[in-house]
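Take a look at the letters that make up each chain.
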Amino acid sequence: MSLQTQIMDAIKTAMKAKDTVALEALRAVKSELLLAQTQSGAQADLTEEEEIKILQKLVKQRKDSANIFSEQGRADLAEPELAQAAIIEKFLPEQLSEEEVQKIVGEIISNGGFSGMSSMGQVMGIATKELAGKADGKTISSVVKSLLS
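Residues numbered from 1 in each chain as written. Predicted model: local features only at pLDDT ≥ 70, side-chain atom pairs only at ≥ 80, totals over all residues. Heavy atoms only, no water.

In the annotation of an unreviewed UniProt entry, the protein chain is listed under the name Glutamyl-tRNA amidotransferase and assigned to Myroides marinus.

Structure, rendered in structure tokens:
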């Protein structure tokens, strides 16, 4: 079942349950997917990687907004953002733990013979491609920094 079909089914379920937070999050996902399809030209469907990137972007936006609201003491605005992020994350593949990311990045570093912070860009490029959708960029970056320094 495609992601768009899953989203539409979830929207129907949220409408029936009158879950406004879920409905808002799911409609944002649907909107972003439609925008991405129209921007990519005549391409009929988005690839799974493109869909995952869109979902990760939406989750990151929600979490960043929640952090800003929390810093300003606005828990009333932060809570719905975190709830929406949790709903969107359900459609993402299982995220790897930091230990698993360390193991994979460690293999990349040893196989490529990388050492020192000067090779961080190369390691990040390889790790980001290999861990696409399985770990967020911030986690990958912190693991690469710790292993190279």
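Participant: Can you explain the overall build of the protein chain? Please cite residues and give values.
Facilitator: For the protein chain, the helix and strand inventory stands at seven helices and zero strands. Start at the N end of the protein chain and walk to the C end: the helices and strands fall as α-α-α-α-α-α-α. Expressed as lengths along the three principal axes of its C-alpha atoms, the size of the protein chain is roughly 55 × 45 × 25 Å. Per-residue burial for the protein chain yields a buried fraction of 32% across its 149 residues. Here the protein chain holds 17 positive side-chain charges and 22 negative ones, and the gap between their average locations is 4 Å. (Helix = DSSP H or I, 4+ residues; strand = E, 2+ residues; numbered from the N terminus. Buried < 20%, exposed > 50% of the residue type's maximum accessible area, 1.4 Å probe, protein only. Lys, Arg positive; Asp, Glu negative; His and termini not counted. Charge placed at Lys NZ, Arg CZ, Asp CG, Glu CD.)

Participant: An account of the environment of Leu 35 is requested, with residue identities and associated values reported.
Facilitator: Structurally, the position occupied by Leu 35 is in helix H2 (residues 20-39). Classification of Leu 35 by relative accessible area gives partly exposed; the value is 43%. Here the alpha-carbon distance between Leu 35 and Gln 102, two residues 67 residues apart in the chain, equals 35 Å.

Participant: Summarise the pattern of salt bridges; cite the residues concerned and give the values.
Facilitator: By the definition in use, this model includes four salt bridges. Of the charged contacts in the structure, one is a salt bridge between Lys 60 and Asp 64, with a shortest N-O distance of 2.9 Å. Note that Lys 60 and Asp 64 are positioned in helix H3 (residues 48-71) at a spacing of four residues, about one turn of the helix. For Lys 60, a relative accessible area of 52% puts it in the exposed group. When the shortest N-O distance is used, the salt bridge between Glu 89 and Lys 63 registers 2.8 Å. Residue Glu 89 is located in helix H4 (residues 75-89), and its partner Lys 63 is located in helix H3; the two are separated by 26 residues in the primary sequence. (Salt bridge = Lys/Arg side-chain N within 4 Å of Asp/Glu carboxyl O.)

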